[in-house]
Amino acid sequence: MTPRSRADAVRHLLRDDDLSPTEQAEVLDLALQLKARPYDTKSLAGPQTVATIYDKPTVRTQVSFAAGIAELGGHPMLVEGSLAGIGVRESVADIARILGRQASLIVWRTFHQSWLEELAAYSGVPVVNALTDDFHPCQLLADLLTIREHKGQLAGLSVTFVGDGACNMGNSWVLAGATAGMHVTISAPPGFEPAAEHLRTAASIAATTGGSITLEADPMIAVQDADIVVTDTWVSMGKEDESRARRAAFAAYQVDSALVSWAKPDAIVLHCLPAYRGKEITAEVLDGPQSVVWDEAENRRHAQKAVMTWLMSKLDRDQSLPEGP
(Lines give C-alpha, C1' and ligand atoms only; values in the text may rest on other atoms or scores of the structure.)
Protein backbone atom coordinates (compact mmCIF):
# COMPACT_ATOMS: atom_id res chain seq x y z
CA MET A 1 0.00 0.00 0.00
CA THR A 2 1.08 3.58 -0.59
CA PRO A 3 2.32 5.20 2.65
CA ARG A 4 0.09 7.91 4.06
CA SER A 5 1.38 11.35 3.06
CA ARG A 6 1.58 14.23 5.49
CA ALA A 7 -1.09 16.10 3.52
CA ASP A 8 -3.52 13.20 3.95
CA ALA A 9 -3.37 13.66 7.73
CA VAL A 10 -4.05 17.42 7.72
CA ARG A 11 -7.38 18.85 8.86
CA HIS A 12 -8.54 22.30 7.80
CA LEU A 13 -11.38 24.70 8.64
CA LEU A 14 -12.47 25.94 5.22
CA ARG A 15 -16.23 25.98 5.77
CA ASP A 16 -18.55 25.45 8.71
CA ASP A 17 -19.48 21.86 7.90
CA ASP A 18 -15.83 20.79 7.97
CA LEU A 19 -16.63 20.15 11.64
CA SER A 20 -19.03 17.39 12.57
CA PRO A 21 -21.51 18.08 15.39
CA THR A 22 -19.20 16.30 17.84
CA GLU A 23 -16.16 18.18 16.60
CA GLN A 24 -17.92 21.54 16.71
CA ALA A 25 -18.82 20.86 20.35
CA GLU A 26 -15.21 19.88 21.10
CA VAL A 27 -13.91 23.15 19.66
CA LEU A 28 -16.46 25.21 21.61
CA ASP A 29 -15.66 23.35 24.84
CA LEU A 30 -11.99 24.07 24.24
CA ALA A 31 -12.73 27.73 23.54
CA LEU A 32 -14.45 28.05 26.91
CA GLN A 33 -11.43 26.47 28.61
CA LEU A 34 -9.00 28.75 26.80
CA LYS A 35 -11.06 31.81 27.65
CA ALA A 36 -11.08 30.87 31.34
CA ARG A 37 -7.31 30.24 31.40
CA PRO A 38 -5.93 32.14 28.38
CA TYR A 39 -2.22 31.65 29.05
CA ASP A 40 -2.07 28.02 30.15
CA THR A 41 -2.17 26.33 26.73
CA LYS A 42 0.86 26.72 24.46
CA SER A 43 -0.16 24.67 21.45
CA LEU A 44 2.04 26.85 19.22
CA ALA A 45 5.07 26.85 21.52
CA GLY A 46 8.41 27.09 19.80
CA PRO A 47 7.35 29.68 18.83
CA GLN A 48 5.74 28.09 15.80
CA THR A 49 4.92 30.48 12.98
CA VAL A 50 1.40 31.07 11.74
CA ALA A 51 1.17 32.81 8.36
CA THR A 52 -1.74 35.27 8.34
CA ILE A 53 -2.84 36.72 5.00
CA TYR A 54 -5.39 39.51 4.63
CA ASP A 55 -6.71 40.39 1.17
CA LYS A 56 -9.82 42.12 2.53
CA PRO A 57 -10.17 44.98 5.04
CA THR A 58 -9.80 43.72 8.59
CA VAL A 59 -9.76 44.83 12.20
CA ARG A 60 -11.28 42.13 14.42
CA THR A 61 -9.85 39.25 12.39
CA GLN A 62 -6.29 40.57 12.34
CA VAL A 63 -6.10 41.64 15.98
CA SER A 64 -7.84 38.52 17.32
CA PHE A 65 -5.59 36.15 15.38
CA ALA A 66 -2.44 38.10 16.28
CA ALA A 67 -3.33 38.16 19.98
CA GLY A 68 -4.51 34.56 20.00
CA ILE A 69 -1.42 33.19 18.24
CA ALA A 70 0.82 35.04 20.68
CA GLU A 71 -1.15 33.73 23.68
CA LEU A 72 -0.68 30.18 22.35
CA GLY A 73 3.09 30.73 22.25
CA GLY A 74 3.30 31.19 18.50
CA HIS A 75 4.51 33.89 16.13
CA PRO A 76 1.98 35.62 13.84
CA MET A 77 3.73 36.26 10.50
CA LEU A 78 1.82 38.87 8.52
CA VAL A 79 1.86 38.23 4.78
CA GLU A 80 0.76 41.42 3.04
CA GLY A 81 -1.88 40.28 0.58
CA SER A 82 -1.57 43.23 -1.78
CA LEU A 83 2.17 42.67 -2.10
CA ALA A 84 2.02 38.89 -2.36
CA GLY A 85 -0.46 39.02 -5.23
CA ILE A 86 -1.63 35.47 -4.60
CA GLY A 87 -3.43 34.08 -7.62
CA VAL A 88 -2.17 36.97 -9.74
CA ARG A 89 1.57 37.38 -9.38
CA GLU A 90 2.05 33.77 -8.31
CA SER A 91 -0.29 30.80 -8.39
CA VAL A 92 -2.15 29.77 -5.27
CA ALA A 93 -0.52 26.33 -5.46
CA ASP A 94 2.99 27.78 -5.56
CA ILE A 95 2.29 30.12 -2.63
CA ALA A 96 0.87 27.16 -0.70
CA ARG A 97 4.04 25.13 -1.25
CA ILE A 98 6.16 28.06 -0.08
CA LEU A 99 4.15 28.94 3.03
CA GLY A 100 3.76 25.31 4.02
CA ARG A 101 7.55 25.11 4.42
CA GLN A 102 7.72 28.30 6.49
CA ALA A 103 4.68 28.07 8.75
CA SER A 104 2.94 25.49 10.91
CA LEU A 105 -0.49 26.87 10.05
CA ILE A 106 -1.95 29.32 7.51
CA VAL A 107 -4.82 31.77 8.06
CA TRP A 108 -6.27 33.47 4.99
CA ARG A 109 -8.95 36.17 4.67
CA THR A 110 -9.70 36.43 0.97
CA PHE A 111 -12.33 36.52 -1.75
CA HIS A 112 -12.53 33.18 -3.51
CA GLN A 113 -13.42 29.99 -1.65
CA SER A 114 -11.83 28.01 -4.48
CA TRP A 115 -8.47 29.69 -3.83
CA LEU A 116 -8.65 28.76 -0.16
CA GLU A 117 -9.41 25.16 -1.06
CA GLU A 118 -6.46 25.10 -3.49
CA LEU A 119 -4.18 26.50 -0.81
CA ALA A 120 -5.25 23.73 1.56
CA ALA A 121 -4.68 21.09 -1.09
CA TYR A 122 -1.02 22.06 -1.58
CA SER A 123 0.10 23.54 1.77
CA GLY A 124 0.72 20.38 3.79
CA VAL A 125 -0.28 22.30 6.96
CA PRO A 126 -3.67 23.24 8.43
CA VAL A 127 -5.45 26.14 6.73
CA VAL A 128 -8.09 28.30 8.44
CA ASN A 129 -10.71 30.32 6.59
CA ALA A 130 -10.66 33.79 8.16
CA LEU A 131 -13.45 34.85 5.73
CA THR A 132 -14.25 34.32 2.09
CA ASP A 133 -17.12 35.55 -0.05
CA ASP A 134 -18.88 32.24 0.67
CA PHE A 135 -18.27 31.45 4.36
CA HIS A 136 -17.14 32.94 7.68
CA PRO A 137 -16.66 29.88 9.95
CA CYS A 138 -14.48 31.57 12.58
CA GLN A 139 -17.14 34.20 13.14
CA LEU A 140 -19.79 31.52 13.52
CA LEU A 141 -17.75 29.71 16.15
CA ALA A 142 -17.44 33.00 18.03
CA ASP A 143 -21.20 33.51 17.69
CA LEU A 144 -21.96 30.03 18.98
CA LEU A 145 -19.53 30.50 21.84
CA THR A 146 -21.27 33.75 22.78
CA ILE A 147 -24.67 32.09 22.69
CA ARG A 148 -23.47 29.22 24.88
CA GLU A 149 -22.16 31.72 27.42
CA HIS A 150 -25.45 33.60 27.57
CA LYS A 151 -27.92 30.76 27.05
CA GLY A 152 -26.06 27.76 28.44
CA GLN A 153 -26.71 25.58 25.40
CA LEU A 154 -27.15 25.59 21.63
CA ALA A 155 -29.30 22.61 20.65
CA GLY A 156 -32.99 23.47 20.45
CA LEU A 157 -32.54 27.25 20.49
CA SER A 158 -34.20 29.37 17.79
CA VAL A 159 -32.07 31.90 15.90
CA THR A 160 -33.27 34.31 13.24
CA PHE A 161 -30.90 35.93 10.79
CA VAL A 162 -32.41 39.12 9.38
CA GLY A 163 -31.14 40.85 6.24
CA ASP A 164 -28.86 39.66 3.46
CA GLY A 165 -29.14 35.90 3.76
CA ALA A 166 -27.09 35.44 0.59
CA CYS A 167 -23.92 36.76 2.22
CA ASN A 168 -21.19 34.61 3.77
CA MET A 169 -22.80 34.98 7.19
CA GLY A 170 -26.11 33.66 5.89
CA ASN A 171 -24.41 30.65 4.33
CA SER A 172 -22.39 29.99 7.46
CA TRP A 173 -25.33 30.40 9.82
CA VAL A 174 -27.41 27.69 8.15
CA LEU A 175 -24.48 25.25 8.15
CA ALA A 176 -23.12 25.96 11.63
CA GLY A 177 -26.55 26.37 13.20
CA ALA A 178 -27.72 23.06 11.76
CA THR A 179 -24.54 21.40 13.00
CA ALA A 180 -25.29 22.72 16.50
CA GLY A 181 -28.88 21.39 16.42
CA MET A 182 -30.41 24.87 16.34
CA HIS A 183 -33.57 26.04 14.60
CA VAL A 184 -32.31 28.61 12.09
CA THR A 185 -34.64 30.98 10.28
CA ILE A 186 -33.37 33.22 7.49
CA SER A 187 -35.48 36.32 6.87
CA ALA A 188 -34.45 38.00 3.64
CA PRO A 189 -36.11 39.55 0.59
CA PRO A 190 -36.69 37.18 -2.33
CA GLY A 191 -33.41 36.61 -4.15
CA PHE A 192 -31.29 37.19 -1.06
CA GLU A 193 -31.52 33.73 0.52
CA PRO A 194 -28.48 31.52 1.23
CA ALA A 195 -27.25 29.51 -1.75
CA ALA A 196 -29.56 26.58 -2.53
CA GLU A 197 -26.72 24.06 -2.26
CA HIS A 198 -25.91 25.26 1.26
CA LEU A 199 -29.58 25.12 2.27
CA ARG A 200 -29.74 21.51 1.07
CA THR A 201 -26.57 20.60 2.95
CA ALA A 202 -27.80 22.34 6.10
CA ALA A 203 -31.16 20.58 5.93
CA SER A 204 -29.37 17.23 5.63
CA ILE A 205 -27.24 18.03 8.69
CA ALA A 206 -30.25 19.29 10.66
CA ALA A 207 -32.03 15.99 10.04
CA THR A 208 -29.30 14.28 12.08
CA THR A 209 -28.98 16.87 14.87
CA GLY A 210 -32.62 17.76 15.57
CA GLY A 211 -32.23 21.25 14.15
CA SER A 212 -34.12 22.88 11.30
CA ILE A 213 -33.71 25.44 8.52
CA THR A 214 -36.56 27.79 7.58
CA LEU A 215 -36.92 30.66 5.11
CA GLU A 216 -39.40 33.37 6.09
CA ALA A 217 -39.48 36.62 4.13
CA ASP A 218 -41.57 38.50 6.71
CA PRO A 219 -39.12 39.61 9.43
CA MET A 220 -41.82 40.05 12.10
CA ILE A 221 -43.00 36.47 11.62
CA ALA A 222 -39.39 35.26 11.43
CA VAL A 223 -38.33 36.70 14.79
CA GLN A 224 -41.38 35.60 16.76
CA ASP A 225 -40.23 33.73 19.88
CA ALA A 226 -36.59 33.72 18.69
CA ASP A 227 -33.91 33.22 21.32
CA ILE A 228 -31.33 35.00 19.19
CA VAL A 229 -31.62 37.71 16.54
CA VAL A 230 -28.70 38.15 14.17
CA THR A 231 -27.98 40.67 11.45
CA ASP A 232 -25.09 41.85 9.30
CA THR A 233 -24.35 44.76 7.00
CA TRP A 234 -26.60 45.08 3.96
CA VAL A 235 -23.59 45.95 1.79
CA SER A 236 -20.90 43.29 2.04
CA MET A 237 -17.35 43.91 0.85
CA GLY A 238 -17.31 43.92 -2.94
CA LYS A 239 -20.97 45.00 -3.18
CA GLU A 240 -20.42 48.71 -2.66
CA ASP A 241 -21.68 49.59 -6.14
CA GLU A 242 -25.05 48.07 -5.16
CA SER A 243 -25.43 50.22 -2.04
CA ARG A 244 -28.45 52.24 -3.10
CA ALA A 245 -30.38 49.26 -4.46
CA ARG A 246 -29.57 47.19 -1.40
CA ARG A 247 -30.71 49.87 1.04
CA ALA A 248 -34.04 49.95 -0.78
CA ALA A 249 -34.35 46.15 -0.87
CA PHE A 250 -33.59 45.75 2.84
CA ALA A 251 -35.44 48.78 4.21
CA ALA A 252 -38.04 46.57 5.91
CA TYR A 253 -35.35 44.36 7.47
CA GLN A 254 -33.82 46.81 9.93
CA VAL A 255 -33.29 45.30 13.38
CA ASP A 256 -34.88 47.92 15.60
CA SER A 257 -36.61 47.78 18.96
CA ALA A 258 -40.00 47.12 17.38
CA LEU A 259 -38.69 44.08 15.52
CA VAL A 260 -36.76 42.71 18.52
CA SER A 261 -39.91 43.01 20.64
CA TRP A 262 -41.38 40.10 18.65
CA ALA A 263 -38.57 37.84 19.90
CA LYS A 264 -38.49 36.32 23.37
CA PRO A 265 -38.11 38.85 26.20
CA ASP A 266 -34.65 37.49 27.02
CA ALA A 267 -33.52 37.27 23.39
CA ILE A 268 -29.99 38.38 22.61
CA VAL A 269 -28.85 40.29 19.53
CA LEU A 270 -25.69 39.53 17.56
CA HIS A 271 -23.88 41.45 14.79
CA CYS A 272 -20.47 40.39 13.50
CA LEU A 273 -19.47 44.05 12.88
CA PRO A 274 -18.73 46.53 11.43
CA ALA A 275 -22.23 47.82 12.12
CA TYR A 276 -23.88 50.76 10.44
CA ARG A 277 -26.20 52.30 12.99
CA GLY A 278 -29.43 53.51 11.45
CA LYS A 279 -29.21 51.05 8.56
CA GLU A 280 -29.30 47.29 9.26
CA ILE A 281 -29.53 47.93 13.01
CA THR A 282 -30.45 50.90 15.17
CA ALA A 283 -28.13 52.38 17.76
CA GLU A 284 -30.80 51.71 20.39
CA VAL A 285 -30.54 47.96 19.77
CA LEU A 286 -26.81 47.71 19.04
CA ASP A 287 -25.90 49.61 22.19
CA GLY A 288 -28.81 48.32 24.24
CA PRO A 289 -29.11 45.68 26.98
CA GLN A 290 -29.97 42.79 24.65
CA SER A 291 -26.90 43.31 22.48
CA VAL A 292 -23.95 40.98 23.07
CA VAL A 293 -21.85 42.22 20.14
CA TRP A 294 -18.83 43.17 22.25
CA ASP A 295 -18.71 39.72 23.87
CA GLU A 296 -19.09 38.33 20.35
CA ALA A 297 -16.16 40.42 19.06
CA GLU A 298 -13.91 39.35 21.94
CA ASN A 299 -14.86 35.72 21.42
CA ARG A 300 -13.28 35.72 17.99
CA ARG A 301 -9.93 35.38 19.79
CA HIS A 302 -10.98 32.50 22.02
CA ALA A 303 -12.78 30.60 19.25
CA GLN A 304 -9.86 30.99 16.87
CA LYS A 305 -7.38 29.86 19.52
CA ALA A 306 -9.52 26.77 19.98
CA VAL A 307 -9.63 26.10 16.22
CA MET A 308 -5.86 26.39 15.87
CA THR A 309 -5.20 24.25 18.93
CA TRP A 310 -7.70 21.63 17.76
CA LEU A 311 -6.27 21.49 14.24
CA MET A 312 -2.72 21.15 15.51
CA SER A 313 -3.74 18.39 17.91
CA LYS A 314 -5.39 16.51 15.05
CA LEU A 315 -2.26 16.87 12.95
CA ASP A 316 -0.06 15.52 15.74
CA ARG A 317 -2.44 12.65 16.43
CA ASP A 318 -2.75 11.66 12.78
CA GLN A 319 0.97 11.91 12.14
CA SER A 320 1.62 9.48 14.99
CA LEU A 321 -0.43 6.80 13.26
CA PRO A 322 1.27 4.07 11.25
CA GLU A 323 1.95 5.07 7.64
CA GLY A 324 0.11 2.09 6.19
CA PRO A 325 -2.12 -0.80 7.19
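Below is a summary of the structure that appears in this document.

What counts, and where the lines are drawn
- Residues numbered from 1 in each chain as written.
- Predicted model: local features only at pLDDT ≥ 70, side-chain atom pairs only at ≥ 80, totals over all residues.
- Heavy atoms only, no water.
- Helix = DSSP H or I, 4+ residues; strand = E, 2+ residues; numbered from the N terminus.
- Expected span 1.5 Å × (residues − 1).
- Buried < 20%, exposed > 50% of the residue type's maximum accessible area, 1.4 Å probe, protein only.
- Axes fitted to C-alpha atoms, helices over the stretch in contact; angles between N-to-C directions.
- Parallel < 35°, antiparallel > 145°, perpendicular 65-115°, else oblique.
- Left-handed = near helix turned anticlockwise from the far one by under 90°.
- Contact = heavy atoms within 4.5 Å.
- Nonpolar A, V, L, I, M, F, W, Y, C, P; charged D, E, K, R; others polar.
- 1 Å grid on protein atoms, 1.4 Å probe; cavity = no way out; pocket = protein on both sides within 12 Å on 5 of 7 lines; lining within 4 Å.
- Points joined across faces, edges and corners; volume = space filled by probe spheres on them.
- Pairing = 2+ DSSP bridges.
- Polar contact = N/O pair within 3.5 Å; in protein donor to acceptor, adjacent residues only side chain to side chain.
- Salt bridge = Lys/Arg side-chain N within 4 Å of Asp/Glu carboxyl O.

### Considerations on helix α7 (residues 168-179)
Because each turn of an α-helix spans 3.6 residues, side chains separated by three or four positions in sequence point in the same direction.
Step number 1: Between its terminal C-alpha atoms α7 stretches 16 Å, which fits the 16 Å expected from twelve residues at 1.5 Å a residue.
Step number 2: Where burial is concerned, most of α7 is hidden: twelve out of the twelve residues are buried.
Step number 3: For α7, the set of buried residues is N168, M169, G170, N171, S172, W173, V174, L175, A176, G177, A178 and T179.
Step number 4: Among the residues trailing α7, G181 stands out with phi positive, at a value near 75°.

### Considering the packing of helix α6 (residues 137-151) against α7
Step number 1: It is at 9 Å that the axes of α6 and α7 come closest, and there the two elements cross at 55°. Accordingly, the angle class assigned to the pair α6 and α7 is oblique. As for how α6 packs across α7, the hand of that crossing is right-handed. Every residue of α7 that contacts α6 at P137, Q139, L140, D143, L144 and I147 is listed here: M169, S172, W173 and A176.
Step number 2: In the contact of α6 with α7, the residues fall into seven nonpolar, two polar and one charged.

### Focus: unusual backbone geometry
Step number 1: Put simply, G46 and P47 share a cis peptide bond, and its omega is 0°.
Step number 2: Note on placement: P47 falls in the loop between α1 (21-36) and β1 (49-54).
Step number 3: Residues L273 and P274 are joined by a peptide bond in cis, for which omega reads 0°.
Step number 4: Within the fold, P274 resides in the loop between β9 (268-271) and α12 (283-286).

### Overview of empty space enclosed by the protein
Step number 1: With the rule as written, the count across this model stands at one cavity of 30 Å³ or more.
Step number 2: One number sums up the size of the largest cavity: a volume of about 50 Å³.
Step number 3: Lining the largest cavity, in full, are L13, D16, L19, Q24, P137, L140, L141 and A176.
Step number 4: Looking at the lining of the largest cavity element by element, the count peaks at three residues for α6.
Step number 5: Per-class residue counts for the lining of the largest cavity are six nonpolar, one polar and one charged.

### A word on the sheet that holds strand β2 (residues 75-80)
Step number 1: Strands sit in the order β2-β1-β3-β4 across an open sheet of four strands; the sheet is parallel. One side of each edge strand has no neighbouring strand; the edge strands of this open sheet are β2 and β4 (127-129). Across the sheet, the axes of successive neighbouring strands diverge by a mean angle of 20°, strand direction being ignored.
Step number 2: In terms of strand pairing, β1 meets strand β3 (residues 105-109) through five bridges, oriented parallel. Bridge pairing links A51 to I106 in β3.

### A word on the side chain of T61
Step number 1: Mapped onto the elements, T61 comes out in helix α2 (residues 60-71).
Step number 2: Among the polar contacts listed, one links the side chain of T61 to the side chain of R109, at a separation of 2.8 Å.
Step number 3: Excluding residues that lie within four positions of it along the chain, T61 makes contacts with Y54, R109, A130, R300 and Q304.

### Describing the pattern of salt bridges
Step number 1: Tallied over the entire structure, the rule returns 14 salt bridges.
Step number 2: K305 is paired through a salt bridge with E71; the nearest N and O atoms lie 2.6 Å apart. In this pair, K305 sits in helix α13 (residues 293-319) while E71 sits in helix α2, placing the two residues 234 residues apart along the sequence.
Step number 3: Exposure remark for K305: the relative accessible area of 0% places this residue in the buried category.
Step number 4: What makes E71 buried here is its relative accessible area of 10%.
Step number 5: Within this structure, E71, R301 and K305 form a network of salt bridges that share partners.

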